[in-house]
Amino acid sequence: MKKIKLGKTGIVVSKNGFGALPIQRIGMDEAALLLQKAYKNGINYFDTARMYSDSEEKIGYALNDVRQSIYIATKTEAVTVQKFWDDLHTSLEKLQTDYIDIYQFHNPPFCPKPGDGTGIYEAMLEAKEKGLIRHIGITNHRLAVAQEIIESGLYETLQFPFSYLATEQDIDLVESCLKADMGFISMKALSGGLIHDAAAAYAFQDQFDVLPIWGIQKEKELNDFLSFQLTPPEMTEKIKAVIGKDREELMSDFCRGCGYCMPCPAGIAISMCARMSLLLRRAPAADYLTPEWQEKMKKIEDCLHCGHCKSKCPYGLDTPKLLESNLKDYQEILAGKAI
């Protein structure tokens, strides 16, 4: 089984990381079976966050008896010291642990530093001195902020979107991170569900010294990644063709479904509606043409054009415009004029 070392942390884990965001959508016992199966089959890195509703609680429930044999990373969106400590103590309680292996700032719009006026980096250091956390990490979706994070030398790991839709700048970021002896944790390796070929996704990740975090909700998904641990997919001509086709179709302005624009003041399910055209063509279309989805798409007509979503998008997308174009396409598909 392939292992990966997370830079200066010294942490060595299996090449597969368990992304626990999706388990908030399933029941406690179902999630526990998935988490326990992952552990029993060699996965020893589990990624969650305070904002992932009951994900932390499910990890604590399922894996508390093997705590010393696994690594847990969680995150805080805190921008104040009080919120930092509240989140940390809540996470420790939910995870049923007295320490967190990698504690991360969760996609801040800036690089937290000592003396920046927020006090949150100093709080992070204090938590490490107290033994409540072992390593300081950060996640981000903004290239410029990520570059500043690496240059700061303040962080031991960086978690950043990285898939076979990556640009040269993204690849340069990975290389810069590794040169700085920072662990690179690769999130959204399936690009928010738009990449469907798990083998191709894995083969791409396997070319780099990064730790991919796979969002897992179903046993079939877990089984795929477990099989790759034993027999890693090779970068064959067939897989290269799959990647090339997807890059041609998807390398443009598209919604990654990260959800940072949510909630919408008008009640629009932006993270799904803004990429509906792609979902209809890359998944069974019938799943998204139901009366329920028709109603959700119709909500786009209620857009307030308040700029909330556009200002929150870490990819700089014109979200209202994207919603409008997806609604128009959706209506044409319903009328039988496109697919």
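This text gives an overview of the structure that appears in the document. (Residues numbered from 1 in each chain as written. Predicted model: local features only at pLDDT ≥ 70, side-chain atom pairs only at ≥ 80, totals over all residues. Heavy atoms only, no water.)

## A few points about the packing of helix α1 (residues 28-40) against helix α2 (residues 55-63)
Reasoning step 1: Direction vectors running N to C along α1 and α2 enclose 60 degrees, while the axes themselves pass 9 Å from each other. Taken together, the axes of α1 and α2 are oblique relative to one another. Between α1 and α2 lies a crossing of right-handed hand. From α1, M28, D29, A31, A32, L35, Q36 and Y39 reach across to α2, where they touch E57, K58, I59, Y61, A62 and L63.
Reasoning step 2: Taken together, the residues that form the contact of α1 with α2 break down as nine nonpolar, one polar and three charged. (Axes fitted to C-alpha atoms, helices over the stretch in contact; angles between N-to-C directions. Helix = DSSP H or I, 4+ residues; strand = E, 2+ residues; numbered from the N terminus. Parallel < 35°, antiparallel > 145°, perpendicular 65-115°, else oblique. Left-handed = near helix turned anticlockwise from the far one by under 90°. Contact = heavy atoms within 4.5 Å. Nonpolar A, V, L, I, M, F, W, Y, C, P; charged D, E, K, R; others polar.)

## Focus on the packing of aromatic side chains
Reasoning step 1: If you walk through the whole model with that rule in mind, you get 15 aromatic pairs.
Reasoning step 2: With 6.4 Å between their ring centres and 50 degrees between their planes, F84 and F105 make a pair best called tilted. On the criterion of sequence distance, the pair formed by F84 in helix α3 (residues 81-95) and F105 in strand β6 (residues 100-106) is long-range, its members being 21 residues apart. As far as the burial class goes, F84 and F105 line up, both buried.
Reasoning step 3: Ring centres of F105 and Y155 lie 6.3 Å apart, and the angle between their planes is 75 degrees; this geometry places the pair in the edge-to-face category. Taken together, the positions of F105 in strand β6 and Y155 in the loop between α5 (143-152) and β8 (157-161) put the pair 50 residues apart, joining distant regions of the chain.
Reasoning step 4: By relative accessible area, which is 0% here, Y155 ends up buried.
Reasoning step 5: Here the aromatic cluster, defined as three or more aromatic residues joined through ring pairs, consists of F84, W85, Y103, F105, Y121 and Y155.
Reasoning step 6: When the ring centre of Y99 is taken as origin, the NZ or CZ atom of R67, which lies over that ring, is 4.1 Å away.
Reasoning step 7: In this structure, K296 is placed above the aromatic ring of W293, and the distance from its NZ or CZ to the ring centre is 4.4 Å. (Phe/Tyr/Trp six-rings, centres within 6.5 Å; stacked < 30°, edge-to-face > 60°. Buried < 20%, exposed > 50% of the residue type's maximum accessible area, 1.4 Å probe, protein only. Lys NZ or Arg CZ within 6 Å of the ring centre and 35° of its normal.)

## A short note on the environment of E175
Reasoning step 1: As for its placement among the helices and strands, E175 is situated in helix α6 (residues 168-179).
Reasoning step 2: As for E175 and W293, which are separated by 118 residues in sequence, their C-alpha atoms are 41 Å apart.

## Focus: the pattern of salt bridges
Reasoning step 1: With the rule as written, the count across this model stands at 18 salt bridges.
Reasoning step 2: In this structure, K128 and E156 form a salt bridge, with 3.2 Å as the shortest nitrogen-oxygen distance. Separated by 28 residues along the polypeptide, K128 in helix α4 (residues 120-129) and E156 in the loop between α5 and β8 bring together distant segments of the chain.
Reasoning step 3: For K128, a relative accessible area of 32% puts it in the partly exposed group.
Reasoning step 4: Here D224 makes a salt bridge to K220, at a shortest N to O gap of 3.4 Å. Of this pair, D224 and K220 are both found in helix α8 (residues 219-230), four residues apart, which corresponds to roughly one turn of the helix.
Reasoning step 5: Residue K220 is classed as exposed on the basis of its relative accessible area, which comes to 59%. (Salt bridge = Lys/Arg side-chain N within 4 Å of Asp/Glu carboxyl O.)

## Brief notes about the sheet that holds strand β4 (residues 45-47)
Reasoning step 1: Pairing in this closed barrel of eight strands is parallel, and the strands run β3-β4-β5-β6-β7-β8-β9-β10 around the ring. Shown here is a sheet whose adjacent strand axes are inclined to one another by a mean of 25 degrees, direction ignored.
Reasoning step 2: The sheet contact formed by β4 and strand β5 (residues 71-76) spans three bridges and is parallel. What sits directly across from F46, in β5, is I72. (Pairing = 2+ DSSP bridges.)

## Description of the nonpolar core
Reasoning step 1: The biggest cluster of nonpolar side chains holds 100 residues, and the ones touching the most others in it are F18, F84, L88 and L158.
Reasoning step 2: Not counting the four nearest positions on each side in its chain, L88 is found in contact with I100, Y103, A127, L132 and I133.
Reasoning step 3: Counting ten residues, the second largest nonpolar core, distinct from the first, contains A73, I102, L211 and I213. (Core = buried A, V, L, I, M, F, W, Y, C linked by side-chain atoms within 4.5 Å.)

## Side note on the side chain of S191
Reasoning step 1: Its location among the elements puts S191 in the loop between β9 (183-187) and α7 (198-205).
Reasoning step 2: A relative accessible area of 4% places S191 in the buried class.
Reasoning step 3: Contact partners of S191, with chain neighbours within four places excluded, come to S163, L165, F254, R256 and R275.

## A few points about unusual backbone geometry
Reasoning step 1: The residue after M262, namely P263, is reached through a cis peptide bond having omega 0 degrees.
Reasoning step 2: The residue P263 is located in the loop between α9 (237-250) and α10 (270-273) in this model.
Reasoning step 3: Even without a glycine there, the phi angle at Q96 is positive, about 55 degrees.
Reasoning step 4: Note on Q96: relative accessible area 43%, which makes it partly exposed.
Reasoning step 5: Even without being glycine, K188 reaches a positive phi, approximately 55 degrees.
Reasoning step 6: If you trace the backbone, K188 turns up in the loop between β9 and α7.

## Focus on the pairing of β5
Reasoning step 1: Buried residues dominate β5, accounting for five of its six residues.
Reasoning step 2: The parallel pair β4 and β5 is bridged by α2, and the resulting crossover is right-handed.
Reasoning step 3: Bridge count for β5 against β6 is four bridges, and the pairing is parallel. Bridged to A73 within β6 is I102.
Reasoning step 4: Read from β5 through α3 to β6, the crossover connection turns out right-handed. (Right-handed = clockwise from strand over helix to strand, strands pointing away.)

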